[in-house]
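Listed below, chain by chain, are the residues.
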Protein chains: 2
Amino acid sequence: MADTTLTSGQILEAAEDVLRRFGPAKTTVVDVARVLGVSHGSVYRHFPSKAALREAVAERWLERAHAPLPALTSADLPASQRLRAWLTTLAAEKRTKALEDPELFATYMVLVRESSAVVAEHVEDLIRQIALIIEDGVADGDFAATDVHRTARAVLQATARWHDPVHAPDWVEPGVADALEAVCDLVLDGLRVRN
Amino acid sequence: MADTTLTSGQILEAAEDVLRRFGPAKTTVVDVARVLGVSHGSVYRHFPSKAALREAVAERWLERAHAPLPALTSADLPASQRLRAWLTTLAAEKRTKALEDPELFATYMVLVRESSAVVAEHVEDLIRQIALIIEDGVADGDFAATDVHRTARAVLQATARWHDPVHAPDWVEPGVADALEAVCDLVLDGLRVRN
């Protein structure tokens, strides 16, 4: 491959393949360059370090897992139904990604512990999306919330068991979907305005 | 030490010491017997396998971490204050145990993934304690709950981030206590009866 046409996207695709095969501990920039048939200097021009390359891989994985969520945030549904659909979709996406591509998911879990800035930014983005739904619910007179950001963070953290990758071993247990339903019931009752 | 006076408690003390020093992967029944100055057969008479010994260690650790909870379950406080105190105490106990004895906590985390029956039983016990508090709240007209066990499990799982050992790395982050407070607010609002 000619170095001049090499894109960041091509490097990330190759990096995912290499991580899938060798795992995060053994993957080097040189391996990724070899798969692409370029010098490692060409890869370093896009990603200045192995850590930067890993962070970009983790970020891309998270973006794919969270892709269906922004559309749900503004879906034409009452806020309580929208929030339940949003939380259920987040859980389903994470579970599917963990089961359909276990090697890359294992890699991602290592990256998560390493790339805390990337993960923290994504968590903040999820909290903002939940906050938008809560604000709509408050505007419609369905929800009560004095500190929307604090409440949105509480909603995300109360459902950590279904989206935080440290809980992935629990996602294949029977009853995991019903248990999320029970927490959604509790959380949505907690948000509902009192008459 | 004379084999005839050897108790299970002495074996478990010694097993904790050995686990603390060598970690779960390298600890054997022979090591534990050596520390006690007895034959490994003497240990096997109390614990028929290395796995049984590990399970007993995990169980003892969990019992210590959960020790203050049953008294809180029947404390003379309104159910909502009692449940908040119970959840806060569970989080504080787990956090203290993780910080004050990190070697044994790391061992415990390995044991948790191995000894799922022991952990499942303790989780059920915690759910029963929460259910007792919720039942009192319903009897007092403060809480509404149609399926108390399901709701109690939801309360425990909604606060997993503060008691499940997989989240231990988060317990030293700033704001972790306030974040639990926010989830307690949400959960208690969810339980409260509607007038």
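Residues numbered from 1 in each chain as written. Chains lettered and ligands numbered in written order. Predicted model: local features only at pLDDT ≥ 70, side-chain atom pairs only at ≥ 80, totals over all residues. Heavy atoms only, no water.

Taking an unreviewed UniProt entry as the reference, chain A is identified by name as TetR family transcriptional regulator belonging to Micromonospora pisi.

Chemist: Summarise the nonpolar core; cite the residues concerned and give the values.
Modeler: The biggest cluster of nonpolar side chains holds 64 residues, and the ones touching the most others in it are Trp86, Val155 and Leu191 of chain A together with Trp86, Val155 and Leu191 of chain B. Ignoring any residue separated from it by four or fewer positions in sequence, one finds tryptophan 86 of chain B in contact with Leu69, Leu72, Thr73, Leu126, Gln129, Ile130, Ile133 and Leu156 of chain B. (Core = buried A, V, L, I, M, F, W, Y, C linked by side-chain atoms within 4.5 Å. Buried < 20%, exposed > 50% of the residue type's maximum accessible area, 1.4 Å probe, protein only. Contact = heavy atoms within 4.5 Å.)

Chemist: Mind laying out the state of the cysteines, listing which residues take part and the relevant values?
Modeler: By definition, a disulfide links the sulfur atoms of two cysteine residues through a covalent bond. Here the structure, examined in full by the defined rule, presents 0 disulfides over all chains. The structure places no disulfide on cysteine 184 of chain A, whose sulfur is separated from the nearest cysteine sulfur, that of cysteine 184 of chain B, by 18 Å. Taking relative accessible area as the criterion, cysteine 184 of chain A reaches 1% and is therefore assigned buried. (Disulfide = S-S within 2.5 Å.)

Chemist: How would you sum up the domain arrangement of chain A? Please name residues and give values.
Modeler: All names here are of chain A. Taken domain by domain, chain A consists of domain 1 (3-48) and domain 2 (58-191). Distance from the C-alpha centre of domain 1 to the C-alpha centre of domain 2: 31 Å. The interface of domain 1 with domain 2 comprises 8 residues on the first partner and 7 residues on the second. Summed over both sides, the interface of domain 1 with domain 2 buries roughly 690 Å², with 58% coming from carbon and sulfur. It is Glu16, Arg20 and Pro24 that lose the most area in domain 1 upon contact with domain 2, and together they represent 69% of the buried surface on that side. (Domains from an automatic or database assignment. Buried area = accessible area lost by both parts, 1.4 Å probe.)

Chemist: Summarise the interface of chain A and chain B; cite the residues concerned and give the values.
Modeler: Reports of interface size often rely on the accessible area that becomes lost once the parts have come together. If you look at the interface, chain A gives 31 residues, while chain B gives 31 residues. The interface formed by chain A and chain B holds 6 salt bridges in total. Note that arginine 150 of chain A and aspartate 185 of chain B form a salt bridge whose closest N and O atoms lie 3.1 Å from each other. Between the two partners, chain A and chain B, sit 12 residue pairs in polar contact (both at pLDDT 80 or more). Counting residues per element, the ones that place at least two in the side of chain A that touches chain B are helix 9 (148-158) and helix 10 (176-191) of chain A. In terms of residue count, helix 10 of chain A provides more of the side of chain A that touches chain B than any other element does, 11 residues in total. (Salt bridge = Lys/Arg side-chain N within 4 Å of Asp/Glu carboxyl O. Polar contact = N/O pair within 3.5 Å; in protein donor to acceptor, adjacent residues only side chain to side chain. Helix = DSSP H or I, 4+ residues; strand = E, 2+ residues; numbered from the N terminus.)

Chemist: Describe helix 7 (residues 102-114) of chain B, listing the residues and the values that go with them.
Modeler: Residue and element names in this part refer to chain B. Between its first and last C-alpha, helix 7 extends 19 Å over 13 residues, near the 18 Å set by a 1.5 Å rise per residue. For helix 7, the set of buried residues is Leu104, Phe105, Thr107, Tyr108, Leu111 and Val112. Down the axis of helix 7, the sector holding all buried residues measures 160 degrees, keeping them to one side. Buried positions along helix 7 lie against helix 1 (8-22), helix 4 (50-66), helix 6 (79-100) and helix 8 (116-139). (Expected span 1.5 Å × (residues − 1). Arc of directions from axis to C-beta.)

Chemist: So, the relation of the copies chain A and chain B: which residues are in play, and what are the values?
Modeler: Relative to chain B, chain A is turned by 180 degrees and slid 0.0 Å along the rotation axis, the superposed coordinates differing by an RMSD of 0.0 Å. With respect to symmetry, the two chain copies, as superposed, fit the operation of a two-fold axis. The rotation axis passes nearest to the C-alpha of glycine 190 of chain A in chain A, at a distance of 1.7 Å. Comparing interface residues between copies, 100% of those in chain A also sit at the interface in chain B, which points to an isologous, same-surface contact. (Least-squares fit on C-alpha atoms with pLDDT ≥ 70 in both.)

Chemist: Run through the packing of aromatic side chains, naming residues and quoting values.
Modeler: Evaluation of the coordinates by the stated rule reveals 4 aromatic pairs over all chains. With 5.6 Å between their ring centres and 50 degrees between their planes, tryptophan 61 of chain B and phenylalanine 105 of chain B make a pair best called tilted. Of this pair, tryptophan 61 of chain B sits in helix 4 while phenylalanine 105 of chain B is found in helix 7, placing the two residues 44 residues apart along the sequence. Of the residues examined, phenylalanine 105 of chain B reaches a relative accessible area of 5% and is grouped as buried. Joined through ring pairs, the aromatic side chains of Trp61, Phe105 and Trp171 of chain A make up one cluster. (Phe/Tyr/Trp six-rings, centres within 6.5 Å; stacked < 30°, edge-to-face > 60°.)

Chemist: Break down the packing of helix 4 (residues 50-66) of chain A against helix 8 (residues 116-139) of chain A for me, citing the residues and quoting the values.
Modeler: All names here are of chain A. Close contact between helix 4 and helix 8 brings their axes to 10 Å; oriented N to C, the two are set at 20 degrees. Relative to helix 8, the element helix 4 lies roughly parallel. Handedness of the helix 4/helix 8 crossing: right-handed. Contacts between helix 4 and helix 8 pair Glu55, Glu59, Leu62, Glu63 and His66 from the former with Val118, Val119, Glu121, His122 and Leu126 from the latter. Class assignment of the residues belonging to the contact of helix 4 with helix 8 gives a composition of 4 nonpolar, 2 polar and 4 charged. (Axes fitted to C-alpha atoms, helices over the stretch in contact; angles between N-to-C directions. Parallel < 35°, antiparallel > 145°, perpendicular 65-115°, else oblique. Left-handed = near helix turned anticlockwise from the far one by under 90°. Nonpolar A, V, L, I, M, F, W, Y, C, P; charged D, E, K, R; others polar.)

Chemist: Quick one: what's the story with the environment of tryptophan 61 of chain B, residue by residue and with numbers?
Modeler: Residue and element names in this part refer to chain B. When its relative accessible area of 3% is taken as the criterion, tryptophan 61 is described as buried. Along the primary structure tryptophan 61 and arginine 192 are separated by 131 residues, whereas in three dimensions their C-alpha atoms are 34 Å apart. Not counting the four nearest positions on each side in its chain, tryptophan 61 is found in contact with Lys94, Lys97, Leu104, Phe105 and Tyr108.

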